[in-house]
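# Coordinates in review
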Amino acid sequence: MKHRVDISRGIKLGAHHYPIKADKATGERLKEGSFYGRCYHTEHKILVDRDLPESKFNETVLHEIVEAVNSLYCNGGITHRNIVCLSNGLTQALSSLDITFTHKERERKNATNS
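Here the structure is a predicted model, which means the values were calculated and not measured. (Residues numbered from 1 in each chain as written. Predicted model: local features only at pLDDT ≥ 70, side-chain atom pairs only at ≥ 80, totals over all residues. Heavy atoms only, no water.)

What follows is about the state of the cysteines. Applying the stated criterion to the full structure yields zero disulfides. Considering cysteine sulfurs only, Cys74 is the nearest to Cys39, which forms no disulfide, with 13 Å between them. We classify Cys39 as buried; its relative accessible area is 9%. (Disulfide = S-S within 2.5 Å. Buried < 20%, exposed > 50% of the residue type's maximum accessible area, 1.4 Å probe, protein only.)

Further remarks concern the packing of helix α2 (residues 54-73) against helix α3 (residues 80-96). Look at α2 against α3: their axes get within 8 Å of each other, and the N-to-C directions meet at 130 degrees. The orientation of α2 relative to α3 falls into the category oblique. Viewed along their axes, α2 and α3 form a crossing whose handedness is right-handed. For the pair α2 and α3, the contacting residues are Ser55, Asn58, Glu59, Leu62, His63, Val66, Glu67 and Asn70 in the first and His80, Ile83, Val84, Leu86, Ser87, Asn88, Leu90, Thr91 and Leu94 in the second. Residue composition of the contact of α2 with α3, by class: seven nonpolar, eight polar and two charged. (Axes fitted to C-alpha atoms, helices over the stretch in contact; angles between N-to-C directions. Helix = DSSP H or I, 4+ residues; strand = E, 2+ residues; numbered from the N terminus. Parallel < 35°, antiparallel > 145°, perpendicular 65-115°, else oblique. Left-handed = near helix turned anticlockwise from the far one by under 90°. Contact = heavy atoms within 4.5 Å. Nonpolar A, V, L, I, M, F, W, Y, C, P; charged D, E, K, R; others polar.)

You can see Ser8 is positioned in the loop between β1 (3-6) and β2 (11-13). Here Asp6 takes part through its side chain, which lies 2.5 Å from a polar atom of the side chain of Ser8. (Polar contact = N/O pair within 3.5 Å; in protein donor to acceptor, adjacent residues only side chain to side chain.)

Pairing is mixed in the open sheet, where three strands are placed in the order β4-β6-β5. For this open sheet the edge positions go to β4 (20-21) and β5 (37-40), each flanked by a neighbour on one side alone. With four bridges connecting them, β5 and strand β6 (residues 45-48) associate as antiparallel partners. Among the inter-strand pairings, Tyr40 is bridged to a residue of β6, identified as Lys45. (Pairing = 2+ DSSP bridges.)

Our focus in this paragraph is the environment of Ser87. Within the secondary structure, Ser87 sits in helix α3. In sequence terms Ser87 and Val66 are 21 residues apart; their C-alpha atoms lie 6.8 Å from each other. Once residues within four sequence positions are removed from consideration, Ser87 is found in contact with Glu59, Leu62 and His63. Of note is the side chain of Ser87, whose polar atom sits 3.1 Å from the backbone oxygen of Val84.

Our focus in this paragraph is unusual backbone geometry. Positioned with a positive phi, Ser34 is a non-glycine residue whose angle comes to about 60 degrees. Structurally, Ser34 can be placed in the loop between α1 (24-32) and β5. One non-glycine residue, His44, lies in positive phi territory at about 50 degrees.

A volume near 260 Å³ is recorded for the largest pocket. Lining the largest pocket are 16 residues, and of these Tyr36, Gly37, His63, Glu64 and His80 lie nearest its centre. In terms of residue count, α2 provides more of the lining of the largest pocket than any other element does, six residues in total. Residue composition of the lining of the largest pocket, by class: four nonpolar, seven polar and five charged. Taken together, Lys2, Glu54, Ser55, Asn58, Leu62, Thr91, Leu94, Ser95, Asp98, Ile99, Thr100 and Phe101 make up the full set of residues lining the second largest pocket. (1 Å grid on protein atoms, 1.4 Å probe; cavity = no way out; pocket = protein on both sides within 12 Å on 5 of 7 lines; lining within 4 Å. Points joined across faces, edges and corners; volume = space filled by probe spheres on them.)

Laid out in structure tokens, this is it:
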């Protein structure tokens, strides 16, 4: 049984709230730049393409969270290559625990496609 973690309300890192946007318009903007997701450090927000397959959605959410942690707590000292490695490893660990992320916009899209 999968444990679904709803990220629709965003996450809190330190004193900052990071909303996580995953609506249709956000996905379209990300695709224009060939991105799966983005973390905007100065604005404290995360964008994720809701149309990604579940495993890629999970990986992208974790990747952008690690980007935020890197900015807030590591002064940007973790290389992007290492961020990719960390997020991939965390994705595998959460997957082995049957933990997956969900977002109200992703659920809304899936409900209309059913």
